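Summary of the model geometry
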Amino acid sequence: TMTRHEWAAEVRRLARERDAVILAHNYQRPEIQDVADHTGDSLGLSRLASTVEASTIVFCGVHFMAETAKILAPEKTVLLPDPNAGCSLADTITAEDVRAWRSDHPDAVVVAYVNTSAAVKAETDICCTSSNAADVVRSVPEDTEILFLPDQFLGAHVKRITGRDNIHVWMGECHVHAGIDGGTLRERVAEDPDAELYVHPECGCATSALYMVGAGVVPEERVRVLSTGGMLSAAKEAEADKVLIATETGMLHQLRNANPTTAFEPVNSRAECHYMKMITADKLLGTLREGTSEITVDEDTAARARRAVERMVAIGT
Ligand code: 13P
Ligand code: SF4
């Protein structure tokens with residue numbers, strides 16, 4: 001058996017041999033985050049996929065992320081160390097569902113969160129991420145109906161901050177973030193009433209966090225609704241003694257590395273995504289050795305999905 005150090009050296013050697021770059025999402029296991037060339041949020045990693053020089057991308061994340069990388073970098077080989085690493089949120093809607101929903105609202109603009117399959121993206125008009133969802137919605141003329149999918153909590157958040165009531169929201173959810181609910185948040189805040197709060201908008205408690213601000217339980221300046229990339233930027237500048245983190249617990253590794261003088265603690269310590277954790281040290285090594293688990297997207301689907309992603313990028317967020 002290898003030590004962790006030997007494993008990391010072997011991973012780096014095989015990556016060089018294969019002309020591969022290793023990308024890891026912020027929810028990956030710590031050892032995977034540490035061995036990767038780049039760690040980041042889902043959109044940041046997809047953007048990197050199209051700009052890195054390497055001919056192969058080993059995507060340590062989940063299936064829809066590897067697909068998004070392939071859509072943006074069709075000439076590259078994209079490997080996902082476990083092809084069964086899915087996403088409960090992406091699974092709440094199919095391409096057929098989008099077509100049926102659109103046929104009930106033929107004049108609506110369809111806005112899809114990046115946590116969707118390539119087939120679903122191909123049926124949508126414009127993509128968004130957790131950091132730019134409100135800007136994407138504002139780019140749609142005010143009198144045009146919007147079908148927002150698939151996350152109900154992100155959808156509710158966007159409705160609230162844009163003040164638009166002509167947004168229909170798909171009732172999907174991520175089981176991990178839905179479990180970080182209002183009750184859990186209220187209990188955690190009661191234990192640490194002076195802490196700051198970073199809340200991912202997929203959380204069941206995203207609405208409760210803003211109600212708590214409204215009710216004067218927590219001052220407005222202490223609560224921020226952020227993507228995982230946004231959390232990391234905020235953490236680098238944080239001056240608080242303690243920040244409570246409402247998202248998947250893998251995020252804590254990056255936050256603690258970025259700022260050792262602030263304590264980052266989970267709102268719900270059981271909020272772990274088992275799909276993300278399917279990418280293990282052994283599987284990463286296996287993929288690098290064998291070149292297995294290649295992710296492909298058929299050309300027509302990729303071309304239609306790329307339009308939706310590029311429209312998002314074009315609005316400059
Ligand atoms: P971001 O990294 O884009 O914030 O996404 C969070 C998430 O749940 C990805 O699965
Ligand atoms: Fe999907 Fe939720 Fe896991 Fe992210 S944390 S990959 S949204 S199941």
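All chains use their own residue numbering, which begins from 1 and follows the written sequence. Chains carry letters from A onward and ligands carry numbers from 1 onward, assigned in written order. In keeping with the predicted nature of the model, local features appear solely for residues at pLDDT of at least 70, side-chain atom pairs appear and are counted solely at 80 or more, and the whole-chain, interface and lining totals rest on all residues.

Topic: the environment of Ala-133
- Counting from the N terminus, the helices are DSSP H or I runs at least four residues long and the strands are E runs at least two residues long. Tracing the chain through its elements places Ala-133 in helix α7 (residues 133-138).
- Separated by 135 residues in sequence, Ala-133 and Asn-268 have C-alpha atoms that sit 25 Å apart.
- Residues are treated as contacting if the C-beta atoms built from their backbones sit within 7 Å of each other. Leaving out residues up to four positions away in the same chain, Ala-133 has contacts with Cys-128, Leu-154 and Val-158.

Regarding the nonpolar core
- Of all hydrophobic cores here, the largest spans 100 residues; its most connected members are Phe-59 and Ala-246.
- Tallying contributions element by element places helix α4 (residues 63-72) first for this core, with six residues.
- Dropping the residues within four chain positions of it, Ala-246 is found in contact with Ile-180, Leu-185, Leu-197, Tyr-198, Val-199, His-200, Cys-203, Cys-205 and Val-267. Any nonpolar core is a set of buried residues, restricted to Ala, Val, Leu, Ile, Met, Phe, Trp, Tyr and Cys, that join up through C-beta atoms within 7 Å. Exposure classification rests on a simple neighbour count of other C-beta atoms within 10 Å of a residue's own: a residue reaching 20 or more is buried, one at 12 or fewer is exposed, and one in between is partly exposed. C-beta atoms are placed from the backbone.

Describing the sheet that holds strand β2 (residues 38-40)
- In spatial order, the strands read β2-β1-β3-β4; together these four strands make up an open sheet with parallel pairing. Of all the strands in the sheet, just β2 and β4 (77-79) have a single pairing partner and so form its edges. Here the average twist between neighbouring strands, direction ignored, is 25 degrees.
- Two strands pair under a simple rule: DSSP has to find at least two bridges between them. In the sheet, strand β3 (residues 56-60) pairs with β4 via three bridges, with the strands oriented parallel. The partner of Val-58 across the bridge, within β4, is Leu-79.
- Helix axes are fitted to C-alpha atoms over the stretch in contact, other axes to C-alpha atoms as well, and angles between N-to-C directions run from 0 to 180 degrees. Lying over the sheet, α4 contacts β1 (20-25), β3 and β4, oriented at roughly 155 degrees with respect to β3.

Some details on the site of ligand 1
- Placing a C-beta atom from the backbone of each residue, we mark the residue near a molecule or strand if the atom is within 6 Å of it. In the region of ligand 1, the neighbouring residues are Asn-26, Asp-41, Ser-42, Leu-43, Asn-115, Thr-129, Ser-130, Cys-174, Glu-202, Ser-227 and Thr-228.
- Put simply, Ala, Val, Leu, Ile, Met, Phe, Trp, Tyr, Cys and Pro go in the nonpolar bin, Asp, Glu, Lys and Arg in the charged bin, and everything else, Gly too, in the polar bin. The residue makeup of the shell around ligand 1, split by class, is two nonpolar, seven polar and two charged.

Some points on helix α8 (residues 152-162)
- Three or more residues of α8 are buried, namely Phe-153, Leu-154, Gly-155, His-157 and Val-158.
- A positive phi of about 70 degrees marks Gly-163, the residue just after α8.

Some points on the UniProt feature "binding site: iminosuccinate" (unreviewed entry) in the chain
- UniProt positions are given in the numbering used here, feature names are shortened, and annotations may be inferred rather than shown by experiment. Feature annotation in UniProt places "binding site: iminosuccinate" (unreviewed entry) on His-25, Ser-42, Tyr-113, Val-114, Asn-115, Ser-130, His-200, Pro-201, Glu-202 and Thr-228, given in this structure's numbering.
- Residue placement: Tyr-113 occurs in strand β5 (residues 109-113).
- Discounting chain neighbours no more than four positions away, the residues touching Tyr-113 are Cys-128, Leu-149, Pro-150, Asp-151 and Leu-154.
- Mapped onto the elements, Ser-130 comes out in the loop between β6 (126-128) and α7.
- Residue classification places Ser-130 among the buried positions, given that 25 C-beta atoms sit within 10 Å.
- When sequence neighbours within four positions are dropped, the list of residues in contact with Ser-130 reads Leu-154, His-200, Pro-201, Glu-202 and Ser-227.

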